[in-house]
Amino acid sequence: MDYTVLQHKLEFCPGKVAHYSAVSPTERLLVVGFRGTSTLSDILTDCCGRAVPLVDHNSIGDKIRVEIKAADGCERITLEDHDNDGDNFVRCHEGILISAKNVLNEIEPFLLPLVECRYRVIFCGHSLGAATAIVTAILLRSKYPDLFLDTKQIHVYAFGTPPVLDHDSAIASCSFCTTIINNADLISRLSISNLAVLLACLRSIQSKLAEHKMNPKGPVSSVAFFNKIAEGTSGTPLMTLSELNHTFDEAHKNLPLRKPEHLFIPGKVLLAYYPWRNEREEPKSTGRNNLQCVQTTGASNVFQRLEIDGLRCLTDHLTSSYFEIMGIEYEF
């Protein structure tokens, strides 16, 4: 393919993400690829998960607010010098925001001249790289709104993205961001709101254990607890499905999605999944024949709970799993 590598940066310290840039004069296209979590430094960046306002600290006077507005049927991200109607900041993952700012400083010198020459820009990445690509695009569109009036000028393809933007901003980024989530990918559901729902469920389970005198606080109750676990899937459930769903519903009712500290998967989300099957009645299917896909957003109910499906919730996040669902051959 007719691509020339302009830059290849390997980073090994927190707050910086490895990336490369390649340009095709024939296609008039600049591609920037962002690496996912691969090192201890990347893990430390992931762990800086506090939701912080996306602001420009060099602003004169009040902190500049980044506000999303509708223009010509598509969202636009604009900057305002004053925030008169409360805390309306776009909020994002702190570690990823720091990484995105560092990447932008690296690519800005050669990216801007290409954009001014009407080159299209594609950002892509997996996991940490996906989230960094999205926030970098937001920073670009905020800083140079006149260069990105055409929504086709820049697009982000993100794979296995963790929750990185607040509720409204995540939905508003649909015009320039496509996120692909594989099945029960745990990383894409690892948010403070989902952890709060999980804690509510654990409290309900603890109440059920106490009700049946299985709360492991003494020798007798501990024996009863481990006997219950030993029953496995063939035993009687501690909670019925309706009771579990009721617990989830109550937890969500008490959890406002638009709280500033709650983050979501951005953009137009394509969820690839395999339908659940009853293994006692139907043979387990293999291959990609049963793979289905639905378009949704990061605020959808399907992402508002943790799906603990054995090791599957972890292996679904691997880059090899994403290659597999797209039918792409790969070598590592």
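Structure first, text after, so check above.
Residues numbered from 1 in each chain as written. Predicted model: local features only at pLDDT ≥ 70, side-chain atom pairs only at ≥ 80, totals over all residues. Heavy atoms only, no water.

## Structural notes on the nonpolar core
Membership of the largest hydrophobic core comes to 43 residues, with the highest contact counts inside it found for L54, L111, F123, V135, V156 and L165. Listing elements by their share of this core, those giving two or more residues are β3 (29–34), α2 (94–116), β8 (120–126), α3 (128–143) and β9 (154–159). The element best represented in this core is α2, accounting for eleven residues. (Core = buried A, V, L, I, M, F, W, Y, C linked by side-chain atoms within 4.5 Å. Buried < 20%, exposed > 50% of the residue type's maximum accessible area, 1.4 Å probe, protein only. Helix = DSSP H or I, 4+ residues; strand = E, 2+ residues; numbered from the N terminus.)

## Observations regarding the environment of K152
On the secondary structure map, K152 appears in the loop between α3 and β9. Classification of K152 by relative accessible area gives exposed; the value is 67%. Along the backbone, K152 and I122 are 30 residues apart, and their C-alpha atoms lie at a distance of 9.6 Å.

## Some points on empty space enclosed by the protein
For the structure on display, the rule yields three cavities of 30 Å³ or more. Each pocket or cavity is described by its volume, and for the largest cavity that value is around 50 Å³. Considering the residues around the largest cavity, the lining is formed by P163, S188, R189, S191, S193, N194, L263, F264, I265, G298, F303 and Q304. Among the residues forming the lining of the largest cavity, the class breakdown is five nonpolar, six polar and one charged. What the second largest cavity holds in volume is close to 40 Å³. It is α2 that provides the largest number of residues to the lining of the second largest cavity, a total of four residues. Looking at the lining of the second largest cavity residue by residue, the classes come out as two nonpolar, three polar and three charged. (1 Å grid on protein atoms, 1.4 Å probe; cavity = no way out; pocket = protein on both sides within 12 Å on 5 of 7 lines; lining within 4 Å. Points joined across faces, edges and corners; volume = space filled by probe spheres on them. Nonpolar A, V, L, I, M, F, W, Y, C, P; charged D, E, K, R; others polar.)

## Observations regarding the layout of surface pockets
Within this model, the second largest pocket holds a volume of roughly 590 Å³. Contributing to the lining of the second largest pocket are 24 residues, with F34, R35, G125, H126 and T319 lying nearest its centre. Of the residues that constitute the lining of the second largest pocket, the class distribution is eleven nonpolar, eleven polar and two charged.

## Things to note about the sheet that holds β8
Across the sheet, eight strands lie side by side as β1-β2-β3-β8-β9-β10-β11-β12; this open sheet has mixed pairing. At either margin of the open sheet sits one strand with a lone partner, and together these are β1 (4–9) and β12 (292–296). Going from strand to strand, the sheet's axes swing by 15° on average, the running direction of each strand aside. (Pairing = 2+ DSSP bridges. Axes fitted to C-alpha atoms, helices over the stretch in contact; angles between N-to-C directions.)

## Details of the packing of aromatic side chains
With the rule as written, the count across this model stands at three aromatic pairs. On the basis of an interplanar angle of 70° and a centroid distance of 5.5 Å, the ring pair of F34 and F123 is categorised as edge-to-face. Placement of the pair is F34 in strand β3 and F123 in strand β8, with a sequence separation of 89 residues. Look at F159 and Y322: their rings are 6.3 Å apart centre to centre, the planes differ by 80°, and that puts the pair in the edge-to-face class. Taken together, the residues span a long stretch of sequence, with F159 in strand β9 and Y322 in helix α9 (residues 319–325) at a distance of 163 residues. (Phe/Tyr/Trp six-rings, centres within 6.5 Å; stacked < 30°, edge-to-face > 60°.)

## Notes on a nonpolar patch on the surface
Where nonpolar side chains cluster on the molecular surface, the patch consists of L190, L195, L198, L199, L202 and I205 and spans about 480 Å² of accessible area. With respect to the helices and strands, the residue L198 is situated in helix α5 (residues 192–211). (Patch = residues over 30% accessible without salt bridge, like charges linked within 9 Å, V, L, I, M, F, W, Y side chains within 5 Å. Areas by Shrake-Rupley, 256 points an atom, 1.4 Å probe, with all protein chains shown as cover. Salt bridge = Lys/Arg side-chain N within 4 Å of Asp/Glu carboxyl O.)

## Some words on the pattern of salt bridges
Side chains carrying opposite charge are able to pair once their charged atoms draw close together. Under the defined criterion, the tally for this structure stands at eight salt bridges. Two residues, K208 and E243, come together in a salt bridge whose shortest N-O distance is 3.1 Å. Highlighted residues: K208 in helix α5 and E243 in helix α7 (residues 241–253), separated in sequence by 35 residues. We note a salt bridge from D316 to R312, for which the minimum N-O separation is 3.0 Å. Look at D316 and you get buried, because its relative accessible area is 4%. You can call R312 partly exposed: its relative accessible area is 32%.

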